[in-house]
Amino acid sequence: MTRIAVLPSIVADQIAAGEVIERPASVAKELIENALDAGATTIDIHIEDGGRTLVSVADDGCGMDRDDALLALKRHATSKIQVASDLVGVASFGFRGEALPAIASISELELETATDDGAGSRVRSAWGEVALVEDMARRRGTTVAVRGLFSNTPARLRFLKGSRSEWRALADQVTTIALTRRDVRLSLTHDGKSVLALPPASSMRARIAAVWGGKYAESFVDVDDVWGPTHVRGLVERPVDVGTRARRAHLVVNARAVRDNGLVRAAETAYRSTIPGGVRPTLFLELTVPGELVDVNVHPAKAEVRFRDRWPVERTVEQAVRRALGTVDAAAGLGARQWTGMSLGELGAPAVDTSLLVQPAPTADMPLFGTHGANGVASPANADGSASTTAPTPSDAGSAPYSPDEISVPPLTQLRRTWMMFEREDGVVLIDQHSAHERVLFEEFIGALTGGGAPAQRLLLPLTLHLGGAEADAFEENREALEKLGYEIEGFGAHTLLVRSVPMPHPRFDAERCLRDTLDALTGDREAGSAAKHERLAATIACKAAVKAGDALAPSEMRALFIALARTVLPAHDVHGRATIVHLGWDELERRFGRR
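Residues numbered from 1 in each chain as written. Predicted model: local features only at pLDDT ≥ 70, side-chain atom pairs only at ≥ 80, totals over all residues. Heavy atoms only, no water.

## Quick look at the overall build of the chain
Threshold: A run of H or I in DSSP counts as a helix once it spans at least four residues, and a run of E counts as a strand once it spans at least two, with each numbered from the N terminus. Accessibility here uses a 1.4 Å probe with only protein chains present; expressed as a share of the type maximum, an area under 20% marks a residue as buried, one over 50% as exposed, and anything in between as partly exposed. Contacts were defined at the residue level, with two residues in contact if any of their heavy atoms lie within 4.5 Å.
Broken down by element type, the chain carries 17 helices and 23 strands. Counting every position in the chain, which comprises 596 residues, the buried fraction comes to 50%. When contacts within the chain are restricted to residue pairs at least 6 apart in sequence, those whose partners lie at least 24 apart make up 69%.

Spelled out as structure tokens, the structure:
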């Protein structure tokens with residue numbers, strides 16, 4: 001007696017259903033994607049009991065005649081591919097011909113369809129067997145209603161969660177599709193109550209505003225970058241807003257929503273030195289990749305993709321997000337944002353992350369780092385130097401010399417010896433002097449650690465430092481990096497050091513205190529990887545060495561700091577994730593004074 005037998009088709013279909021259909025949200029996804037493949041412009045979804053009782057999807061797509069409607073319920077019946085080579089670059093959502101027969105095998109399914117207004121067909125099936133085929137009148141399009149999901153498979157039914165949990169998963173799935181296909185009108189009802197009614201949207205931001213509100217939509221920075229054959233666009237959360245609300249990660253590859261931890265990690269890597277550790281940003285990113293470079297046929301539910309060469313794609317994502325965070329729009333703001341879309345422009349060679357700057361950032365009509373009077377028109381340098389473009393000396397703000405024609409500097413005012421302020425056409429901009437100098441020094445120190453080292457000043461008399469055991473260990477662990485940053489140090493006994501040269505980022509710099517505080521902060525630090533250790537060391541010394549709140553800055557020092565900040569890659573954030581630049585719009589001021 002043979003021990004091997006061919007499975008009955010109904011059993012094979014139920015096994016296939018287990019791969020494609022996990023819960024009511026999976027049913028909704030497959031039916032909505034079928035509607036999109038049919039060219040639908042309007043899709044109405046009706047749900048009962050979280051999808052456990054009913055999932056119904058109606059569309060105005062091309063519809064089917066009776067023969068196609070019957071074929072659609074047969075396994076591996078598809079209009080999307082004919083030969084294996086058609087899988088290369090396939091753009092349709094459904095192409096395996098598994099979804100409808102899989103759903104039909106574990107539910108009671110009713111399909112109504114018509115290719116034109118008027119005569120149509122109705123097909124009913126129960127647990128995979130066609131029970132009724134009849135004529136009907138209806139509008140062009142298709143409606144599929146799925147009832148009693150998993151009723152004939154009690155083992156699967158027991159794994160369904162409560163109606164509230166299943167509803168949340170289903171609503172999230174519909175929202176994902178709404179974000180991906182913004183050209184389609186979508187409506188969603190649950191137990192007779194309207195939950196979503198989304199008209200077509202012109203942009204990702206408009207769709208997000210329709211789903212979660214305009215205030216939420218304004219907390220993002222636009223991303224739009226191309227590197228090689230890969231185009232990345234979308235929205236990423238401003239660093240100042242990260243961690244203040246629920247995190248979302250929405251990824252689309254070639255118009256297909258996918259899960260990809262590698263791409264998410266690449267985008268999050270771009271936030272390094274802009275947000276505190278332990279928090280993760282919200283991302284809405286869309287990638288366009290040549291079809292021959294990505295395989296969409298690696299997951300039964302098409303929820304994952306495989307890239308032919310993953311590293312360039314992840315690098316492009318990191319570069320695109322990093323550049324978006326380097327624009328002025330990524331800075332904190334008070335009141336309505338009238339400066340959305342402005343960028344720093346190409347102000348000179350940055351001190352760090354040059355590999356991420358493959359293309360020049362887009363220029364803006366009104367860049368932040370320029371001289372603007374009350375009418376917003378760039379003004380020439382004044383005789384008294386208040387808007388001078390003269391290059392500062394390195395001692396002014398720890399920056400390298402600049403050519404005189406690089407950038408104009410507006411008249412700057414210091415407030416409470418803490419903030420620098422200047423006026424623009426669209427409001428007032430405040431710059432935190434400590435955070436700004438910290439950002440400048442951090443990027444310079446990173447450049448020194450990865451390049452040829454930083455300039456140093458030799459002391460007339462060496463400093464003698466007596467350290468504890470932990471501080472001495474921290475010194476030995478970071479000795480080579482400290483020397484690259486400008487410290488010339490030699491051992492002098494057990495835990496005693498002689499410091500002969502120090503960096504000199506500004507005239508008030510206390511080299512001894514900075515070194516002691518840095519070693520204390522690095523005590524016990526054993527981060528893996530030289531890049532992580534370099535960033536931690538550079539951030540620590542930058543924080544200790546930067547000018548402090550309460551330090552009075554001369555006009556020349558403020559100008560030098562302004563120019564140095566303009567040349568950084570990420571000017572809007574310090575190394576701890578705090579805002580460096582805050583914009584206060586005139587509209588907000590007028591509202592506060594009752595003028596609006």
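Next comes the rest of the description.
## Focus: the pairing of strand S6 (residues 141-147)
The condition that has to hold: Any two strands with at least two DSSP-identified bridges between them are counted as paired.
Burial within S6 is extensive, with six of its seven residues counted as buried. Bridge count between strand S2 (residues 54-59) and S6: six bridges; the pairing is antiparallel. For Val57, the partnering residue across the bridge sits in S6 and is Val144. Here strand S3 (residues 108-114) pairs with S6 via seven bridges, running antiparallel. Residue Glu110 lies in a different strand from S6, and its bridge partner there is Ala145.

## As for the pattern of salt bridges
The condition is simple: Just to be clear on terms, a salt bridge is a Lys or Arg side-chain nitrogen sitting within 4 Å of an Asp or Glu carboxyl oxygen.
Within the structure shown, the criterion is met by 33 salt bridges. Note that Glu33 and Lys29 form a salt bridge whose closest N and O atoms lie 3.1 Å from each other. Taken together, the residues Glu33 and Lys29, both in helix H2 (residues 24-37) and four residues apart, mark about one turn of the helix. Residue Glu33 is classed as buried on the basis of its relative accessible area, which comes to 8%. Relative accessible area serves as the criterion here: at 10%, Lys29 is assigned to the buried category.

## Some details on the sheet that holds strand S20 (residues 457-466)
Stated precisely, the cut-off is as follows: Angular values range over 0 to 180 degrees, each being the angle between N-to-C directions of two axes fitted as lines to C-alpha atoms, with helices fitted over their stretch in contact.
Strand order in the open sheet formed by three strands is S20-S22-S21, and the pairing between neighbours is antiparallel. A single partner strand is all that each edge strand has here, and the edge strands are S20 and strand S21 (488-491). With direction set aside, neighbouring strand axes in the sheet form an average angle of 20 degrees. Relative to strand S22 (residues 496-502), S20 runs antiparallel, the two being bridged by six bridges. Looking at S22, one finds that His466 is bridged to Thr496. Across the sheet, helix H13 (residues 469-484) lies against S21 and S22, angled at about 150 degrees from S21, the strand it touches most. Strands in contact with helix H14 (residues 511-521) are S20, S21 and S22; relative to S20, the strand with the most contacts, it is inclined by about 45 degrees.

## Quick word on the nonpolar core
To be explicit about the condition: What we call a nonpolar core is a set of buried Ala, Val, Leu, Ile, Met, Phe, Trp, Tyr and Cys residues that are connected through their side-chain atoms within 4.5 Å.
Core analysis: the biggest nonpolar cluster contains 44 residues, and Leu31, Ile43, Ile45, Leu109 and Leu170 have the highest contact counts within it. Discounting chain neighbours no more than four positions away, the residues touching Ile45 are Ile32, Ser56, Val57, Val174, Leu186, Ser187, Leu188 and Thr189.

## Some remarks on the sheet that holds S2
Here we have eight strands laid out as an open sheet, ordered S5-S4-S3-S6-S2-S1-S7-S8, and mixed in their pairing. Of all strands in the sheet, those with a lone pairing partner are strand S5 (129-138) and strand S8 (193-198), marking the two edges. Between one strand axis and the next, the sheet turns by 10 degrees as a mean value, whatever way the strands run. Pairing between strand S4 (residues 118-126) and S5: nine bridges, direction antiparallel. Within the sheet, the bridge partner assigned to Ser121 lies in S5 and is Asp135. Across the sheet, helix H6 (residues 163-180) is in contact with strand S1 (42-48), S2, strand S7 (185-190) and S8; its angle to S7 comes to roughly 175 degrees.

## Looking at the environment of Asn478
Mapping Asn478 onto the fold places it in helix H13. Judged by its relative accessible area of 5%, Asn478 falls in the buried class. Between the C-alpha atom of Asn478 and that of His534, which follows or precedes it by 56 residues, the distance is 8.9 Å. Residues in contact with Asn478, not counting those within four places in the same chain, are Leu522 and Leu537.

## Looking at the packing of aromatic side chains
The cut-off we apply is this: Stacked, tilted and edge-to-face pairs are distinguished by plane angle, under 30 degrees for stacked and over 60 for edge-to-face with tilted covering the rest, among Phe, Tyr and Trp rings (Trp via its six-membered ring) whose centres lie within 6.5 Å.
According to the stated counting rule, one finds five aromatic pairs in the structure shown. Aromatic pair Trp212 and Phe284: ring centres 5.9 Å apart, planes at 45 degrees, arrangement tilted. Taken together, the residues Trp212 in helix H7 (residues 204-212) and Phe284 in strand S13 (residues 283-288) connect sequence positions 72 residues apart. Under the relative-accessibility criterion, Trp212 is labelled partly exposed at 29%. Judged by its relative accessible area of 1%, Phe284 falls in the buried class. With centroids separated by 5.2 Å and ring planes inclined at 75 degrees, the aromatic side chains of Tyr216 and Phe220 adopt a geometry described as edge-to-face.

## Some thoughts on helix H9 (residues 261-269)
For the record, the criterion: Distance and chemistry together define a polar contact, namely a pair of N or O atoms within 3.5 Å, with one atom able to donate a hydrogen and the other to accept it when in protein, and with adjacent residues in sequence counting only for side-chain atoms on both sides.
All of the buried residues in H9 are Gly262, Leu263, Val264, Ala266, Ala267 and Glu268. Each element contacted by the buried residues of H9 is listed here: strand S11 (249-253), S13, strand S15 (306-307) and helix H10 (310-325). You can read the cap of H9 off the contacts: a side-chain oxygen lies 3.1 Å from the backbone nitrogen of Gly262, and it is on Asp260.

## Examining the pairing of strand S19 (residues 427-432)
One face of the sheet, then the other: side chains in a regular strand alternate in exactly this way. Within S19, five of the six residues are buried, which leaves it mostly tucked inside the rest of the structure. Summarising the sheet, strand S18 (residues 419-424) and S19 pair through six bridges and their orientation is antiparallel. By the bridge assignment, Trp419 is partnered in S19 with Asp432. In sequence, S18 turns back onto S19 through a hairpin of two residues.

## Details of the packing of H6 against H7
Selection criterion: Roughly parallel covers angles under 35 degrees, roughly antiparallel covers those over 145, roughly perpendicular covers 65 to 115, and oblique covers all other angles. Gly is placed with the polar residues, together with every amino acid not listed as nonpolar (Ala, Val, Leu, Ile, Met, Phe, Trp, Tyr, Cys and Pro) or charged (Asp, Glu, Lys and Arg).
Running from amino to carboxyl end, H6 crosses H7 at an angle of 150 degrees, the nearest separation of the two axes being 9 Å. By the angle between their directions, the pair H6 and H7 is classed as roughly antiparallel. Between H6, through Thr175, Ala178 and Leu179, and H7, the contact on the second element is made entirely by Met204, Arg207, Ile208, Val211 and Trp212. For the contact of H6 with H7, the class distribution of residues is six nonpolar, one polar and one charged.

## A look at the state of the cysteines
As a reminder, the rule being used: For the purposes of this analysis, a disulfide is any pair of cysteine sulfur atoms at a distance within 2.5 Å.
Per the counting criterion, the structure on display carries zero disulfides. Left unpaired, Cys514 is separated from the closest cysteine sulfur, that of Cys543, by 9.2 Å. Overall, Cys514 belongs to the buried group, its relative accessible area being 3%.

## Points about the confidence of the model for the chain
Short version of the rule: The pLDDT value expresses, per residue, how confident the predictor is, ranging between 0 and 100.
For the chain, per-residue confidence averages 79 on the pLDDT scale, and 78% of positions sit at 70 or higher. Segment residues 336-367: pLDDT under 50, and 84 contacts once partners within four positions in sequence are set aside and those in other chains are kept. Within the model, pLDDT remains below 50 along residues 370-405, and this stretch shows 74 contacts once partners closer than five positions in the same chain are excluded.

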